Amino acid sequence: LCLQVPELAKATVRIRQPERVRGIIQALREQGVAKLQVISDFDMTLSRFGCNGRRCPTSHNILDTSRVISEDGKKKLKDLLHYYYPIEIDPNRTLEEKRPLMVEWWTKAHELLVQQNIHKGDIAQIVRESEAMLRYGHGMWDGFKEFFDQLHKNNIPLFIFSAGIGDILEEIIRQANVFYSNVNVVSNYMDFNDDGVLTHFKGPLIHTYNKNNTVLQGTEYFQQLSTRTSIILLGDSMGDLTMADGVPSVENILKIGFLNDKVEERRGKYLDSYDIVLESDETLDVVNGILRYILTE
């Protein structure tokens, strides 16, 4: 496997069933570029988890901590995080228990943001001033560029499915100069009035644990791509595993999981669920290596 994709020899890579993974990668290559699509989470998957020894911000964090939010608003948003985040990642709670609580969290957070008089015109500057970073590559800073470029050049659809804030993450991709025509985003988008002020969030609400076809029913996206039966799925949480559930027919799927946090505690669960687990790896090296191998004639 490492002969074909040298990046898989990295110390950050863990694979429970190497033979199975080799078979999937082989099948993806044989099926060819015309059948491939990539489905990815955004926050902490395409964007980095750690920046200079600190946590990188998610698309929600970028807005929550920006200058357009009042001090009181910041405090309330932080209180919500401290209450709900431990629930989100609690390995002892079922998804059934978590789902209504996630809806509650996202709804309260969005209501707080709506009270803040946020202007559409401020978004680009907020992102520019933030510490958002996309994942890098081989000692260089542009692994994300190779990733987006490879997909674009080969007309491979990239579907980004995010429980974050669509307007913010689109702006991050735009400022990185990789928002190509093959990129399609489903996320929580803001709705602005005629004066460009945020009035509410458009539905349906997407949180960590409903990233599946319940949210995608009615999106023409997957129907148009019915011939794209080979999938590479990229995520960093258990909730990301269902992102391909709206795809009409899946022949081969390779699930790559970024295990960013609480590695020891969560390793077993990730290895059970993802084909390839990348532990505390801030790069897109492995993903790019696999793509390179699949796309090489």
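Residues numbered from 1 in each chain as written. Predicted model: local features only at pLDDT ≥ 70, side-chain atom pairs only at ≥ 80, totals over all residues. Heavy atoms only, no water.

Enquirer: What am I meant to see in the domain arrangement of the protein here?
Expert: One widely used convention gives an interface's size as the accessible area the parts lose upon coming together. For the protein, the assigned domains are domain 1 (6-52 + 133-295) and domain 2 (54-128). Inter-centroid distance (C-alpha atoms) of domain 1 to domain 2 is 22 Å. Across the contact, 37 residues belong to domain 1 and 31 residues belong to domain 2. Around 3000 Å² of area is buried between domain 1 and domain 2 when both sides are counted, 66% of it from carbon and sulfur atoms. At the boundary of domain 1 and domain 2, one finds one salt bridge. (Domains from an automatic or database assignment. Contact = heavy atoms within 4.5 Å. Buried area = accessible area lost by both parts, 1.4 Å probe. Salt bridge = Lys/Arg side-chain N within 4 Å of Asp/Glu carboxyl O.)

Enquirer: Where do I start with the nonpolar core in this structure?
Expert: Side chains of nonpolar character tend, in soluble globular proteins, to be buried together. With 92 residues, the main nonpolar core has Phe147, Phe148, Ile232 and Ile290 as its most contacted residues. Those residues in contact with Ile232 that lie beyond four places of it in its chain are Leu28, Leu36, Gln37, Val38, Ile39, Leu254, Ile256, Ile290, Leu291 and Ile294. (Core = buried A, V, L, I, M, F, W, Y, C linked by side-chain atoms within 4.5 Å. Buried < 20%, exposed > 50% of the residue type's maximum accessible area, 1.4 Å probe, protein only.)

Enquirer: Sorry if this is basic, but what is going on with the packing of aromatic side chains here?
Expert: Two measures describe an aromatic ring pair: the distance that separates the ring centres and the angle between the ring planes. Considering all chains together, one arrives at nine aromatic pairs under this definition. Plain terms: the ring middles of Phe159 and Tyr221 are 4.8 Å apart, the flat faces sit at 25 degrees to each other, and that makes the pair stacked. One end of the pair, Phe159, is in strand β5 (residues 158-165); the other, Tyr221, is in helix α9 (residues 220-224), with 62 residues separating them in the sequence. An aromatic cluster of three or more residues is present, and its members are Tyr83, Tyr84, Trp105 and Trp106. Between Arg29 and the ring centre of Tyr293, over which it is positioned, the NZ or CZ distance is 4.4 Å. A cation over a ring is seen here: Arg135 above Phe258, with NZ or CZ 4.0 Å from the ring centre. (Phe/Tyr/Trp six-rings, centres within 6.5 Å; stacked < 30°, edge-to-face > 60°. Helix = DSSP H or I, 4+ residues; strand = E, 2+ residues; numbered from the N terminus. Lys NZ or Arg CZ within 6 Å of the ring centre and 35° of its normal.)

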